[in-house]
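# Commentary on secondary and tertiary structure
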Amino acid sequence: MSLHDITVKDQLVTASKHVTLLITAFIFVFPIFYIIMTSLKDSNFVLSSPGLFDFKHLTINNYLRISHSSLKLWRYFWNSTLITISALIAVVFVGAAAGYGFAKFRFPGRKILLILIVLVMTFPVGAIVIPLFIVEFKIGLLDTVIGLVLPNISINLPFSIFIMQSVYQTLPAELIDSAEIDGCSPFRTWWEIMLPLSKNGLLVVTVLYFSVIWGEYTIGKTLSLTSGSMPLAVGLTLLRGEDWDFALMSAIILIGILPSILVFLFFRKYIQSGITIGSVKG
Amino acid sequence: MELSRTAQKSITGFVFTLPSLIFIFSMLLFPLFYSFVLSLSKYNVLYDTSPVFVGFANYIQAFGDPLFINATLRTFIFAVASIPFGVLIPLGIALLLSSIRKFSDIYEIGLYLPIIIPLSLGSLIFVLILEPSIGYVNYFLQQILHLQYQFQWNVDGVTSLITIILVSQWQLGYQVVLLVAGLKSVDHELLEAAKIDGANEIQRILYIKIPQIKGTLAVVTIFALIKGFKTFVQPMVMSLGGPDHATETLYFLLYKTGFEMHRMGYASTMAYILSVLILLSSLFNLKAFKVE
């Protein structure tokens, strides 16, 4: 076998790898591609041509119809925005503080608390929404935005704590000591020195949990009853029966998933490292 | 009075964790405890003013309830199916991705994009694609492949179940991310040495790469199994558990029992049984892979 044969064979193997990956990747993006194309179709032609490449009838009409319609879409969008932003701020900063506390200080009960947090993480959300429904009903939080924000914080805090803990473990403890000698209070040491140093970790948690909270379904489905508090990920699934207009539905879904897609395209590497750190620690 | 430096540091550390602990105790641990109490009670929120303690009656009832037993069996089907789909296929993809030099970013974008799409909206997209009369799947089968066949995904139970299992794999990019990261840590010198010794690519995968990512494989398997056990959103959005209960998972049934039939006690029982199943399967896996 000459050297030349090996390279030809290698090239063939490499080419077939690329083809396989290309096809696989295409299958995975196809559903997104499908709703983009369908959302740009004239509603009247969806029935006659369910194919994708009907460029004769391309239109942005569906998006105009959404903006003029009385659909609850914007209400859901607003609720999701409120829930995601407020829960995210708490998940990131409260989680970072705890991660710092667990990583850089030893105190009695620290180990037990960490084990407890891991144990709690394995329970499905379904196990906590039943008691939460009863409690929130009794104290008047049921079907309110704040009643949805609070559980969204608590279910995501454990992972945030573990990710931030592993970030703070990599920062030298001498920084804390020297800040202390300079007369910094513990809170200022964290807020002004350690927090800025952990900004990569903060970004990982922010980006990862933005998409998690934006897409949260179980809490929304159980603790929200009306469009007054209902998040998008739940509300849009209710449109299914009301409006069986494929082009319009596609446009609505696309608006619903657009924030997630944008975050993904800009911060993909952070999402990937968040998944990896989270799995090692969790 | 001066506190010792260690005591001071202990208090500081605890104070930093306190806000999180308040959230976790009040919104996770307390509900889990309350849920356990409810699982030992009869509590129909429409008729009962407060939970009535019934001991283990709900648990005994569950094991004689055909709806519960069938839902549990179905949940196991989802979990078991997640091994080939949720572990082996991602492993294959990850091996391919880590063995090429160019364009892997482009493929990764496609494979990972579904991870961040809200599960309920992703399921809704599949409802459109699979719709029998004007969905894309049947258009593809009839107009492009010219088959005289109409695929009806939600008419018979087996087809519905398989369809939902397949649709649930749309987000397997999550496992690929983990496996690609694991494969990056494989000892390169060892691989080069094996190459010089004449080991072909398959041998290098089987005898070097896979043994070295055993820990990652354990994590991925647990993740895929737990995801299978927790299947809920897809039947909720796509099939409502139908046709004829064929796609009712345990998670789905506990939702229906609690929030549609208002039997909060019995639903909590189901939630606890599901939690125990999840806990056991992750312990079992750690043992099976002999991971510390």
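Here, every reference points to the structure presented above.
This section reports on the structure supplied with the text. Predicted model, so just to flag it, every value in this text is computed and none were measured.

## Some points on the overall build of chain B
Looking only at helices and strands, chain B features 14 helices and two strands. Since a compact globule built from 292 residues should have a radius of gyration of about 19 Å, the 24 Å found for chain B marks it as more spread out than a globular shape. The principal-axis extents of the C-alpha atoms in chain B amount to approximately 80 × 75 × 30 Å. Expressed as a percentage of the 292 residues in chain B, the buried residues total 54%. Expressed as a percentage of contacts within chain B between residues at least 6 apart in sequence, the contacts between residues at least 24 apart total 64%. As presented, chain B carries roughly 13800 Å² of accessible surface, and 68% of it is formed by carbon and sulfur atoms. One way to put it: in chain B the 17 positive side-chain charges average out to a point 5 Å from where the 16 negative ones average out.

## Points about the interface of chain A and chain B
Listed by partner, the interface residues are 95 residues for chain A and 85 residues for chain B. Taken as a group, A:Leu21, A:Phe28 and A:Ile130 account for 9% of the area that chain A buries against chain B, more than any other trio of residues on that side. Here chain A is connected to chain B by four salt bridges. Close ionic contact of A:Asp177 with B:Lys9 constitutes a salt bridge, the shortest N to O distance being 3.9 Å. The tally of links between chain A and chain B comes to twelve residue pairs in polar contact (both at pLDDT 80 or more). For the side of chain A that touches chain B, the element with the most residues is helix H13 (residues 246-281) of chain A, which contributes 17 residues. Broken down by class, the residue content of the side of chain A that touches chain B amounts to 65 nonpolar, 20 polar and ten charged.

## Structural notes on the packing of aromatic side chains
Taken as a whole and assessed by the stated rule, the structure comprises 35 aromatic pairs over all chains. Relative to A:Trp190, the ring of A:Phe187 lies with its centre 5.8 Å away and its plane at 65 degrees, an arrangement referred to as edge-to-face. Taken together, the residues span about one helical turn, with A:Phe187 and A:Trp190 both in helix H9 (residues 186-197) at a distance of three residues. Cluster of aromatic residues (ring-pair linked, three or more members): A:Phe93, A:Tyr100, A:Phe105, A:Tyr168, A:Phe187, A:Trp190, A:Trp191 and B:Phe16.

## What about the nonpolar core?
Ranked by size, the top nonpolar core spans 182 residues in total, and within it A:Tyr34, A:Tyr168, A:Trp190, A:Ile257, B:Leu97 and B:Tyr112 carry the most contacts. Apart from residues no more than four positions distant in its own chain, A:Tyr168 is found in contact with A:Ala96, A:Gly99, A:Tyr100, A:Ala103, A:Lys104, A:Trp190, A:Met194, A:Leu195 and A:Ser198.

## What about helix H5 (residues 119-130) of chain B?
For an α-helix, the turn length of 3.6 residues means that residues three or four places apart are oriented alike. Residues and elements named next belong to chain B. Along its twelve residues, H5 runs 16 Å from first to last C-alpha, staying within 8% of the 16 Å computed at 1.5 Å per residue. The buried count for H5 comes to eleven of twelve residues, which makes it a mostly enclosed element. Considered for burial, the residues of H5 that qualify are Ser120, Leu121, Gly122, Ser123, Leu124, Ile125, Phe126, Val127, Leu128, Ile129 and Leu130.

## What to know about the pattern of salt bridges
Applying the stated rule across the entire model yields eight salt bridges over all chains. Here A:Asp245 ties to A:Arg65 by a salt bridge, and the two come within 2.8 Å at their closest N and O atoms. Within this pair, whereas A:Asp245 is found in the loop between helix H12 (232-242) and H13, its partner A:Arg65 is found in helix H3 (residues 61-68), the two being separated by 180 residues in sequence. By relative accessible area, which is 32% here, A:Arg65 ends up partly exposed. Each of the salt bridges in this network shares a partner with another, and the network as a whole consists of A:Arg268, A:Lys269 and B:Asp105.

Conventions we followed
Residues numbered from 1 in each chain as written. Chains lettered and ligands numbered in written order. Predicted model: local features only at pLDDT ≥ 70, side-chain atom pairs only at ≥ 80, totals over all residues. Heavy atoms only, no water. Helix = DSSP H or I, 4+ residues; strand = E, 2+ residues; numbered from the N terminus. Rg over C-alpha atoms; globule rule 2.2 N^0.38 Å. Buried < 20%, exposed > 50% of the residue type's maximum accessible area, 1.4 Å probe, protein only. Contact = heavy atoms within 4.5 Å. Areas by Shrake-Rupley, 256 points an atom, 1.4 Å probe, with all protein chains shown as cover. Lys, Arg positive; Asp, Glu negative; His and termini not counted. Charge placed at Lys NZ, Arg CZ, Asp CG, Glu CD. Buried area = accessible area lost by both parts, 1.4 Å probe. Salt bridge = Lys/Arg side-chain N within 4 Å of Asp/Glu carboxyl O. Polar contact = N/O pair within 3.5 Å; in protein donor to acceptor, adjacent residues only side chain to side chain. Nonpolar A, V, L, I, M, F, W, Y, C, P; charged D, E, K, R; others polar. Phe/Tyr/Trp six-rings, centres within 6.5 Å; stacked < 30°, edge-to-face > 60°. Core = buried A, V, L, I, M, F, W, Y, C linked by side-chain atoms within 4.5 Å. Expected span 1.5 Å × (residues − 1).

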